[in-house]
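# Results of the structural survey
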Amino acid sequence: MQICNVCSEQAPKYKCPCCKIRYCSLGCYKKHKETCLPVEKPPSTSPESKDAAAAFEPWSVDDLLREDIIDKVPLHRLQSLGQSTELRDLLCNPHLRQLLRSVDGAESKEAAIKAAMQEPLFVEFADQCLKVVENEGTA
């Protein structure tokens, strides 16, 4: 069982956001705050690596909500993709499933989609997805 890093008497319930030590109460937090030394993260070697790391951080819900929604498909239309019998039929094709896996696993999604769009089966799949989300197809 862990004990509070400040008073060493009770079990800790909280963790300091700066240095990550554990403490048990507001009193211990206030006492600790006076001497807290934040844990330093190792500096990045170059600005490019910092930008690359930021590009791979997952988006939070708040980030998504603040994004422009002009080119976003509403959730109810995305859910209708799962109800489309035409899409289900297309997804029975192992070649299409392999194409989708290769796009999903690619480093550069844009390049992978561009290559996949050379395959008539993938184009048919993309067209059917658009029909469903644009309410042109039957769900």
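Note: the structure precedes this text.
Let me begin by describing the structure that accompanies this report. (Residues numbered from 1 in each chain as written. Predicted model: local features only at pLDDT ≥ 70, side-chain atom pairs only at ≥ 80, totals over all residues. Heavy atoms only, no water.)

For helix H6 (residues 94-105), which comprises twelve residues, the first-to-last C-alpha distance of 16 Å matches the rise-based estimate of 16 Å (1.5 Å per residue) to within 8%. Every buried residue of H6 is listed here: Leu96, Leu99 and Val103. Relative to the axis of H6, the buried residues are bounded by an arc of 60° and lie together on one face. Exposed and oriented more than 90 degrees from the buried face of H6 are Pro94, Asp104 and Gly105. Where the residues of H6 are buried, they touch helix H5 (85-90), helix H7 (109-116) and helix H8 (120-133). For H6, the side-chain oxygen to backbone nitrogen distance between the N-cap and His95 is 2.7 Å, and the N-cap itself is Asn93. (Helix = DSSP H or I, 4+ residues; strand = E, 2+ residues; numbered from the N terminus. Expected span 1.5 Å × (residues − 1). Buried < 20%, exposed > 50% of the residue type's maximum accessible area, 1.4 Å probe, protein only. Arc of directions from axis to C-beta. Contact = heavy atoms within 4.5 Å. Polar contact = N/O pair within 3.5 Å; in protein donor to acceptor, adjacent residues only side chain to side chain.)

Okay, unusual backbone geometry next. Positive phi outside glycine occurs at Ser8, with the angle close to 55°. With respect to the secondary-structure elements, Ser8 resides in the segment before strand S1 (14-15). For Ser8, a relative accessible area of 47% puts it in the partly exposed group. The backbone of Lys20 shows a phi angle near 70°, a positive value even though the residue is not glycine. Among the structural elements, Lys20 can be located in the loop between S1 and strand S2 (22-23).

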